[in-house]
Amino acid sequence: MSAHETPSWLADLQARFGNTLRTPLDRTSGTLTATPATYDAALVAEVGSERLAVYNRQYWFRLFGVLHDAFPLTARLVGYWAFNEHAGAYLAAHPPRTWDLDDVPAGFADFFVARATANVTTAATGASADAVRIDAAYREVFRAPPVTAFHPSADDAARLLDSRLVPSPAVAFVREHFPLLELRRQALALGADSSTRLAVPPPLPTPRDWAIVRGESGTTSILLEPREAELLGLLAAHPVGEALARLESACPESERAALPAATQRWLARSVQLGFWTSLAPA
Amino acid sequence: MSPTSSEAASRLASARGLPATALGLGLRLPHYDSILTADPLVGYVEVISENFLGDAPTPRQRLARIRARLPVVLHGVSLNLLGHAPLDERYLDALARLADSVDAPFVTDHLCWTGAHGVSHHDLLPLPYTEDLVGFAAERAAHVQRRLDRPFGLENLSSYVAFPRSTLTEHDFYAAVVRSADCWSMLDVNNVYVSSQNHRFDPDAYLAGIDFSRVLQVHIAGHTREPSGTLVDTHDQTVDDAVWALYRRAWEIGGPFPTLLERDANVPSLPELTRELARAAAVRA
C-alpha cells in the first residue's frame, strides 16, 4: 500500500480542522455555545465558520452523550450542567484516542473523583464520588470479555490455601454510603430523554457493600455482608490462606467463633456466583 | 444499467448478496429484541460495526440471535479511510472477524476521515476533493476490501463546509475513488440532498454521476434544518419529502437496489419505523 503518497497538505489540514472542532464550547451565557469567531477562518470556504460550528458542537455533544450513557447515576445526581463541566475538562485532558467510543469513559471516574472532591467534601460530593464508582463498576462488568467461572476440583481444594483466586472481570465490588444502587435504577427508568435531576438521598446508617455480577440473564447486584466484603477484598489481593488469616486477625473477638462457618459460606457463595475465573499459584 | 452489461449486473447481484428490491432497517438498541418478530417487509438489517467489535459478549449474543433471523450487513463509522495516518490494521482484523461471524454480504463505511494526530473525533469529517486525494483514497479502499475479503462499499458524505482547495465536484471525486479502487458505492440519498442544499449543487446532476452498477445499497434518512438554514444529517426525523423525491429519481435511474432506512435519534417503535420503510416500496412503484 505505497504507490500513492499521502497528499502533502492532508496532515496539516486535519490538524487545523481537529483543533477547530475541539474548541471548547463557551459556558458564560448559561448554555453551551460555539464561538465561530475564534475558529481558523482560512480553513474552509464561504460561510465556513458558522458551518464549522456544526462540527464543533457535534464533537462535544456526542462525547457528552457517551459519558451521560456511561454514568447515568452520576449525571442525574450532579445535574447535566455540572456533569458536562467535569466532562469537558476530562475530554480536554484526555481526548478520544481510539476508534471505540466506549473507550472514552475509561478514565472518567478517577478524574471526576479527584476533581469533584479536590476543594470541597460535602455529602453531595461524597455521594457523587460513590455514584461515579458505581456507574464505572457497571460499565466494567458489561464490557468484560466472556469468562468461564471457576469450579474447583478435588485437586484445587488441596492447593487452595497456597493459591490465589483470580477475580472475574465480569464482577465488580462497590461500596455505597447512600442508597445509590436504588437511585441508579430510578435514573435508568427516567430514560435518556429526560433531564430530571435526582436529589442526593440521606446517607445510610452504615455503608453497604455490593457485588455487581454479570450473569446469563443480565447484570445483577448482590448485597454482601460487611465481613464478607472484607474477605473478598483480601482474596483479590492475597493467597487464600493469607486472606483468611488476615480476616481472622482483623475480626473482633466476639465474631471469632462464628467466623469459620461464615467464611466457608462466603467462599462457597463466591464460587457459586462466579466471582473467580481460576486458581493461580501465589 | 445498459442491456449489454449483463456481466456487470451479475457481478453486482453477487456483491449485494441480497434481493435487489430488499428493504432493510438500520438496527438500533431499542429494537434489538423486537426485530426478532418484525414484519416480513424488513428483509435485512444493518448494524453499526463498532457496536459489536468489543470484548463484551452481550452485544455479540444479541447479534447472533438477530442473524439467525435476518441477513446482517455491517456499516462502520470509524475506519478513518482518509486520515493521514496508516489504517488501523487491528481494527480491520476485528472487522473482518465480525463480518465472518455474521456472514455479512458486504461491509460499508464512509468516504471521510474521523481522526488525525492521535485523536479520534468520532465524526464523519469532510476534506477537499482533489486529484491527489483520489489515488490515496482508492488505494486504501482497495486494501480494506482485500482485507475483509468481501465487497466493500463507500458511503458519500453529508457535509456542511467546503474547501478552497477542492478541484473536483463531490460526485466526480466519489465516482473516481470507487472506480479506481474497484470497490462499491453505498449511496445515501439523504446525504446527497443535505450536501446539495448546503453547497448549492444540483442533486440530479449528482445522481447522474453515479455508476449504479456499483451501488450495493441505498440509504434513506431524515435531517434537520437549523435556524441558519444549514441542513444537518441528524437521522432524528422521518424522511423529508424532497429526499423521497430524490430517492424516486435514483430508482428510475439506477434501480432496483436494496434500500435501508436509518434512524439514530428519536427512534420510534419498530412498527412505526416499518411503516416508514414501506413508503420506499410505494414511492418506487
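Structure's up top.
Everything numeric in this text was worked out from a predicted model, so none of it was measured. (Residues numbered from 1 in each chain as written. Chains lettered and ligands numbered in written order. Predicted model: local features only at pLDDT ≥ 70, side-chain atom pairs only at ≥ 80, totals over all residues. Heavy atoms only, no water.)

Asks: Sorry if this is basic, but what is going on with the side chain of Thr-263 of chain A here?
Replies: As for its placement among the helices and strands, Thr-263 of chain A is situated in helix α12 (residues 259-272). For Thr-263 of chain A, the contacting residues outside a window of four places in its chain are Leu-231, Leu-244 and Leu-247 of chain A. (Helix = DSSP H or I, 4+ residues; strand = E, 2+ residues; numbered from the N terminus. Contact = heavy atoms within 4.5 Å.)

Asks: Please clarify how the interface of chain A and chain B should be interpreted in this entry.
Replies: Often, the extent of an interface is quoted as the loss of accessible area on bringing the components together. Each partner contributes residues to the interface: chain A has 45 residues there, and chain B has 51 residues. Together, the buried faces of chain A and chain B total about 4000 Å²; carbon and sulfur atoms form 63% of this surface. Counting across the interface, chain A meets chain B through two salt bridges. A salt bridge links Glu-226 of chain B to Arg-57 of chain A; the shortest N-O distance between them is 3.3 Å. For the interface between chain A and chain B, the tally reads 17 residue pairs in polar contact (both at pLDDT 80 or more). At the level of secondary structure, the elements contributing two or more residues to the side of chain A that touches chain B comprise α1 (10-21), α2 (48-70) and α6 (123-143) of chain A. Here the element with the most residues in the side of chain A that touches chain B is α2 of chain A; it accounts for 10 residues. (Buried area = accessible area lost by both parts, 1.4 Å probe. Salt bridge = Lys/Arg side-chain N within 4 Å of Asp/Glu carboxyl O. Polar contact = N/O pair within 3.5 Å; in protein donor to acceptor, adjacent residues only side chain to side chain.)

Asks: Just checking my understanding: could you explain the pattern of salt bridges for this structure?
Replies: A pair can form between side chains of opposite charge whenever their charged atoms are brought close. Residue and element names in this part refer to chain A. Inspection of the entire model under this criterion finds 27 salt bridges over all chains. Salt-bridge contacts for Asp-156 lead to Arg-159; the nearest nitrogen and oxygen are separated by 2.9 Å. Separated by three residues within a single helix, Asp-156 and Arg-159 lie in helix α7 (residues 154-159), roughly one turn from each other. Here Glu-255 and Arg-227 are joined by a salt bridge, their closest N and O atoms 2.9 Å apart. With a gap of 28 residues between them, Glu-255 in helix α11 (residues 253-256) and Arg-227 in helix α9 (residues 226-237) connect regions that are remote in the sequence. When its relative accessible area of 31% is taken as the criterion, Glu-255 is described as partly exposed. According to the relative accessible area criterion, Arg-227 is buried, its value standing at 17%. (Buried < 20%, exposed > 50% of the residue type's maximum accessible area, 1.4 Å probe, protein only.)

Asks: Looking at this structure, how should I read the sheet that holds strand β4 (residues 218-224) of chain A?
Replies: Paired through backbone hydrogen bonds, the strands of a sheet run either parallel or antiparallel to each other. All names here are of chain A. What the three strands build is an open sheet, ordered β2-β3-β4; its pairing is antiparallel. One side of each edge strand has no neighbouring strand; the edge strands of this open sheet are β2 (171-176) and β4. Within this sheet the neighbouring strands show an average axis-to-axis angle of 25°, counted without direction. Inspection of the sheet shows β2 paired to strand β3 (residues 208-215) by six bridges, in the antiparallel sense. Across the sheet, Val-174 pairs through a bridge with Trp-210, a residue of β3. (Pairing = 2+ DSSP bridges. Axes fitted to C-alpha atoms, helices over the stretch in contact; angles between N-to-C directions.)

Asks: Hey, could you run me through helix α10 (residues 240-250) of chain A in this one?
Replies: Because the α-helix completes a turn every 3.6 residues, residues three or four places apart line up on one side. Listed in full, the buried residues belonging to α10 of chain A are Val-240, Ala-243 and Leu-247 of chain A. Looking down the long axis of α10 of chain A, one finds its buried residues gathered within 60° of arc, a one-sided arrangement. (Arc of directions from axis to C-beta.)

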